[in-house]
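# Descriptive analysis of the structure
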Amino acid sequence: MSEIYIARSSEIAARVLGGEVMVMSVRDSNFFTLNEVATVIWQAADGKTSLREIVEQTVCGEFEIELGEAMQDAEQFVNELAQHGILKVSGGPIAAAGAEDTP
């Protein structure tokens, strides 16, 4: 399985409220309220850290969840937000915030 890197898109509006993130896609006006686990992934989406590292180092320890289950859920979450242009997904590190997707 190849590594997945994620970064927050610049084409969103986001607010943190009560420990959860609310995000709206500028592209299609879809609105998402992220739960605690999704918020942790969202906040760690720096383009430099792989999704696997985020899940292993943060999600599994903080929420006491098994790695396989956590990765499956994280990949589903990332794919859904990527479809709406909220997260950028790449097979390698993403150079800078707002950088274009790389194949």
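See the structure printed just above.
One structure accompanies this document, and this report is about it. (Residues numbered from 1 in each chain as written. Predicted model: local features only at pLDDT ≥ 70, side-chain atom pairs only at ≥ 80, totals over all residues. Heavy atoms only, no water.)

### So, the packing of helix H2 (residues 51–63) against helix H3 (residues 67–83)
Direction vectors running N to C along H2 and H3 enclose 120°, while the axes themselves pass 10 Å from each other. Judged by the inter-axis angle, H2 sits oblique to H3. Considering how the two elements wind past one another, H2 and H3 form a crossing that is right-handed. Along its contact with H2, which presents Leu-51, Arg-52, Val-55, Glu-56, Val-59 and Cys-60, the element H3 presents Leu-67, Ala-70, Met-71, Ala-74, Glu-75 and Val-78. Here the contact of H2 with H3 is built from residues that sort into nine nonpolar, no polar and three charged. (Axes fitted to C-alpha atoms, helices over the stretch in contact; angles between N-to-C directions. Helix = DSSP H or I, 4+ residues; strand = E, 2+ residues; numbered from the N terminus. Parallel < 35°, antiparallel > 145°, perpendicular 65-115°, else oblique. Left-handed = near helix turned anticlockwise from the far one by under 90°. Contact = heavy atoms within 4.5 Å. Nonpolar A, V, L, I, M, F, W, Y, C, P; charged D, E, K, R; others polar.)

### Some words on the packing of helix H1 (residues 36–44) against H2
It is at 10 Å that the axes of H1 and H2 come closest, and there the two elements cross at 140°. One way to sum up the angle between H1 and H2 is to call them oblique. Here the hand of the crossing between H1 and H2 comes out right-handed. Contact with H1, carried on its side by Glu-36, Val-37, Val-40, Ile-41 and Ala-44, involves Leu-51, Ile-54, Thr-58, Val-59, Glu-62 and Phe-63 of H2 and no other residues of that element. Grouping the amino acids of the contact of H1 with H2 by side-chain chemistry returns eight nonpolar, one polar and two charged.

### With respect to the nonpolar core
Within the largest apolar cluster, 24 residues are counted, with the highest numbers of intra-cluster contacts made by Leu-34, Ile-41, Trp-42, Leu-51, Val-55 and Phe-77. Every element with two or more residues in this core is listed here: strand E3 (20–25), strand E4 (31–34), H1, H2 and H3. Sorting elements by how many residues they give to this core places H3 first, with six residues. Beyond its immediate chain neighbours, meaning those up to four positions away, Trp-42 contacts Arg-8, Ile-12, Ala-14, Val-21, Val-23, Leu-34, Ile-86 and Leu-87. (Core = buried A, V, L, I, M, F, W, Y, C linked by side-chain atoms within 4.5 Å. Buried < 20%, exposed > 50% of the residue type's maximum accessible area, 1.4 Å probe, protein only.)

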